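Remarks on the overall topology
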Amino acid sequence: MKDERLEFSDWPMFDRIMMDDELCREILEVILGHSISRIEYVVAEYDVRPSLSRHGVRLDAFAKADNEVYDIEMQTTNKGDLGRRLRYYQSSIDTASLRRGAGYESLPMCFIIFICKHDAFGRGLPVYTLDVVCAEAGERVTEHGFKWIVLSASHWKEMPDGKLRNLLHYVMTGKVGDDDLSKKIDAAVSRANDDEVWRREKMELLTWEEDMEIQKRIAIRDGLAEGRAKGIEEGRAKGRAEGIEEGRAEGRAEGRAEGRAEGRAEGRAEGRAEGLAEGRVEGEGRFAALVVALTEAGRSEDIHRAAVDAGVRAELLMEFSIS
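Described below are features of the structure shown in this document. Computed from a predicted model, the values in this text were never measured in an experiment. (Residues numbered from 1 in each chain as written. Predicted model: local features only at pLDDT ≥ 70, side-chain atom pairs only at ≥ 80, totals over all residues. Heavy atoms only, no water.)

With that settled, the discussion passes to the packing of aromatic side chains. Scanning the entire structure with this criterion turns up 7 aromatic pairs. Ring plane angle 15 degrees and centroid distance 5.8 Å describe the contact between tyrosine 70 and phenylalanine 111, whose orientation is recorded as stacked. Of this pair, tyrosine 70 sits in strand 3 (residues 68–75) while phenylalanine 111 sits in strand 4 (residues 109–116); the two residues are 41 residues apart in sequence, bridging distant segments of the chain. Relative accessible area serves as the criterion here: at 0%, tyrosine 70 is assigned to the buried category. Judged by its relative accessible area of 6%, phenylalanine 111 falls in the buried class. Members of the aromatic cluster, each reached through a chain of ring pairs, are Phe8, Phe14 and Tyr170. (Phe/Tyr/Trp six-rings, centres within 6.5 Å; stacked < 30°, edge-to-face > 60°. Helix = DSSP H or I, 4+ residues; strand = E, 2+ residues; numbered from the N terminus. Buried < 20%, exposed > 50% of the residue type's maximum accessible area, 1.4 Å probe, protein only.)

Interaxial distance between helix 1 (residues 11–18) and helix 6 (residues 196–205) falls to 9 Å at its minimum, and their mutual angle equals 130 degrees. With respect to each other, helix 1 and helix 6 are oriented oblique. Along its contact with helix 1, which presents Trp11, Pro12, Met13 and Arg16, the element helix 6 presents Trp198, Lys202 and Leu205. A class-by-class count of the residues in the contact of helix 1 with helix 6 yields 5 nonpolar, no polar and 2 charged. (Axes fitted to C-alpha atoms, helices over the stretch in contact; angles between N-to-C directions. Parallel < 35°, antiparallel > 145°, perpendicular 65-115°, else oblique. Contact = heavy atoms within 4.5 Å. Nonpolar A, V, L, I, M, F, W, Y, C, P; charged D, E, K, R; others polar.)

In this section: empty space enclosed by the protein. Considering all chains together, one arrives at 1 cavity of 30 Å³ or more under this definition. In this structure, the largest cavity encloses a volume near 80 Å³. Taken together, Gln75, Thr77, Asn78, Lys79, Gly80, Leu82, Arg85, Cys116, His118 and Ala120 make up the lining of the largest cavity. (1 Å grid on protein atoms, 1.4 Å probe; cavity = no way out; pocket = protein on both sides within 12 Å on 5 of 7 lines; lining within 4 Å. Points joined across faces, edges and corners; volume = space filled by probe spheres on them.)

A word on the layout of surface pockets. Quantified by volume, the second largest pocket comes out at close to 210 Å³. Tyr41, Phe62, Lys64, Val69 and Ser97 are, among the 13 residues lining the second largest pocket, the residues nearest its centre. Elements represented by at least two residues in the lining of the second largest pocket include exactly strand 1 (41–48), strand 2 (57–65) and helix 3 (82–97). Broken down by class, the residue content of the lining of the second largest pocket amounts to 8 nonpolar, 3 polar and 2 charged.

For asparagine 193, the location among the structural elements is in helix 5 (residues 180–194). Separated by 2.8 Å, the side chain of asparagine 193 and the backbone oxygen of leucine 6 make a polar contact. Those residues in contact with asparagine 193, other than ones at most four positions away along the chain, are Arg5, Leu6, Met13 and Arg199. (Polar contact = N/O pair within 3.5 Å; in protein donor to acceptor, adjacent residues only side chain to side chain.)

Tallied over the full model, the rule gives 16 salt bridges. Residue aspartate 302 is joined to arginine 305 by a salt bridge in which the shortest nitrogen-to-oxygen separation is 2.7 Å. Within this pair, aspartate 302 and its partner arginine 305 are both found in helix 8 (residues 300–308), separated by 3 residues, close to a single helical turn. Judged by relative accessible area, which is 42%, arginine 305 ranks as partly exposed. (Salt bridge = Lys/Arg side-chain N within 4 Å of Asp/Glu carboxyl O.)

In structure tokens:
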């Protein structure tokens, strides 16, 4: 069995937390929706056996306050037959509560509460309040003095905002909300887990089924961590690949733009150079033809004038029709 932190929903931890009178009172107040002045006593793992030959029950946490008694059970697995189990628990508690010779009016108001991490009745409800109702009247017609409440922590999201929703959320996920109660419970859970001797002793008492539930919880937690790590790595790889491709595309686009700009600039420069060169060659050829024409005409003085004065040169070129 792997060493692991016990959570509030694990029975050894639940029993220990419920032994704290103040925490027990606050948890009951949140579930029942009414105030409780004080808890007279709490007994964890309370054995109730009507007789030596009869089937007994072991209650997770049995508490008494004023003229009310409470049985609070934590269920992490669906064991079925919860309805008949509630019936037997009620009869066992009543038998243990009524002394010989006492009248039935002496029976205290009794609340049996099951906090389940599953939906015990499959109706999708976070809270099932079970009471005796007259089928014909459609309402309760007798003060029988008991009430059964079954909570489905798995449906905590269906609850309206409030303390009970926060409590069910903590039971189901182990994550602390903004409310004071879950913070107090979690602080008590941490202190208990720090008690290494107690924790190891209780871990050894877990049944195979309960140990499997803890291993499942560990596997889910580790799987989530591994999945997140793998997802991050895959995301990084994909991001790098996309970044490289985008960089290449941007580089190609920028390269083409720069190439076109440089090409145009180089083309213009080469064009100007070539144009100037061709212009010089053409100009030199026309001037040489003008010199020949002026020499043949015996006008050598105009050769000097054409060489130093562009205007005179242009007029002479037109005169001799040199283009």
